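Understanding the architecture of this molecule
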Amino acid sequence: MEIITTKVTVKTRNDVCLTPVSEFPIAEVIGRIEKLNGQLAKFWSKSDEWAPVAAAGLLGKSRLDWQVSLSGTLHLWIRDPAEALTPAELILAWANLGSLIEGTIKFFLSVYYETFKADIDNLKKVNAYNKKKQEPLSPDGLTLEPLRQYCALREILDKDDLALVLLVQQRRNAIHAFKDRPIGDEAEFQKSVRAYLQMLRNCIARLPYPGDEYVPVE
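No experiment lies behind these values; they were computed from the predicted model shown.

Okay, the overall build of the protein next. On a plain count of helices and strands, the protein comes out with 9 helices and 2 strands. Put simply, the protein runs from its N terminus to its C terminus through helices and strands in the order α-α-α-α-α-α-β-β-α-α-α. In terms of overall dimensions, the protein is globule-like: its C-alpha atoms have a radius of gyration of 17 Å, near the 17 Å expected for 218 residues. Counting only C-alpha atoms, the protein reaches 50 × 45 × 30 Å along its principal axes. By residue count, 46% of the 218 residues in the protein fall in the buried class. A fraction of 78% describes how many contacts in the protein between residues 6 or more apart in sequence connect residues 24 or more apart. Of the roughly 11,100 Å² of accessible surface on the protein, a fraction of 53% belongs to carbon and sulfur atoms. One way to put it: in the protein the 28 positive side-chain charges average out to a point 6 Å from where the 29 negative ones average out.

A separate point is the nonpolar core. In this structure, W44, I101, I105, F189, V193, Y196 and L207 are the most contacted members of the largest nonpolar core, which totals 62 residues. The element contributing the most residues to this core is helix 4 (residues 87-111), with 12 residues. Setting aside residues up to four positions removed in sequence, W44 forms contacts with W50, A51, L59, L64, F107, V111, L207, P208 and Y209.

Okay, the environment of R206 next. Its location among the elements puts R206 in the segment after helix 9 (186-204). Distance in space between the C-alpha atoms of R206 and Q149 is 20 Å, their sequence separation being 57 residues.

A few words now on the confidence of the model for the protein. Here the protein averages 88 in pLDDT, while 91% of its residues score no lower than 70. Predicted confidence is poor over residues 4-14, with pLDDT under 50, and the contacts of this stretch with residues over four places away or in other chains come to 24 contacts.

Even without a glycine there, the phi angle at N127 is positive, about 60 degrees. For N127, the location among the structural elements is in the loop between helix 6 (120-125) and strand 1 (129-130). On the accessibility criterion, N127 (59% relative accessible area) is exposed. With phi around 55 degrees, E155 is a residue other than glycine that occupies positive phi space. You can see E155 is positioned in the loop between helix 7 (144-153) and helix 8 (159-172). Judged by relative accessible area, which is 35%, E155 ranks as partly exposed.

Cut-offs applied
Residues numbered from 1 in each chain as written. Predicted model: local features only at pLDDT ≥ 70, side-chain atom pairs only at ≥ 80, totals over all residues. Heavy atoms only, no water. Helix = DSSP H or I, 4+ residues; strand = E, 2+ residues; numbered from the N terminus. Rg over C-alpha atoms; globule rule 2.2 N^0.38 Å. Buried < 20%, exposed > 50% of the residue type's maximum accessible area, 1.4 Å probe, protein only. Contact = heavy atoms within 4.5 Å. Areas by Shrake-Rupley, 256 points an atom, 1.4 Å probe, with all protein chains shown as cover. Lys, Arg positive; Asp, Glu negative; His and termini not counted. Charge placed at Lys NZ, Arg CZ, Asp CG, Glu CD. Core = buried A, V, L, I, M, F, W, Y, C linked by side-chain atoms within 4.5 Å. pLDDT = per-residue confidence, 0-100.

The following block contains the structure:
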């Protein structure tokens, strides 16, 4: 299956893209993220009769159920204004969101694994190719940076989604650092959670399904 890039006009399916994410309370945004990731996991973890063999095998062994669990965990970081997150909690919140974003990109590239692994020249450009073994690295084994670079190079994500990936990548990296790093604030985090719902919608709108009844809806 050829990867559908952002240059292709996407037809809206069901109610996935009808209401702007800004119109929902943040708790509902998280609920919708959890619901969409749950439906993705249910279909794609057992897609042997639909996806190509290599892609189905990759998706079947992936922990898409963890994406669902991580989605629900976002609720932990939404507090009453009078009870602000501590710096440590905010760092963990970014790590939570970063894991979801990384997992969504890996999932999307796994669906289009046949095209991905054949894209040798571009994989070499983003260090997603094992020169010793002369074979591409699997998307499930890549870190966020080569994933981000590849999506930018192939125009798989639009500019808003790429900006989200970069921001969350920078914020969550504070978990590895001893020196001072910017970690933003709760308002920025919640805005990024909303942006992730939109990113998820964008990915879902470009996935192949045997029929509209299988497409995740909110």
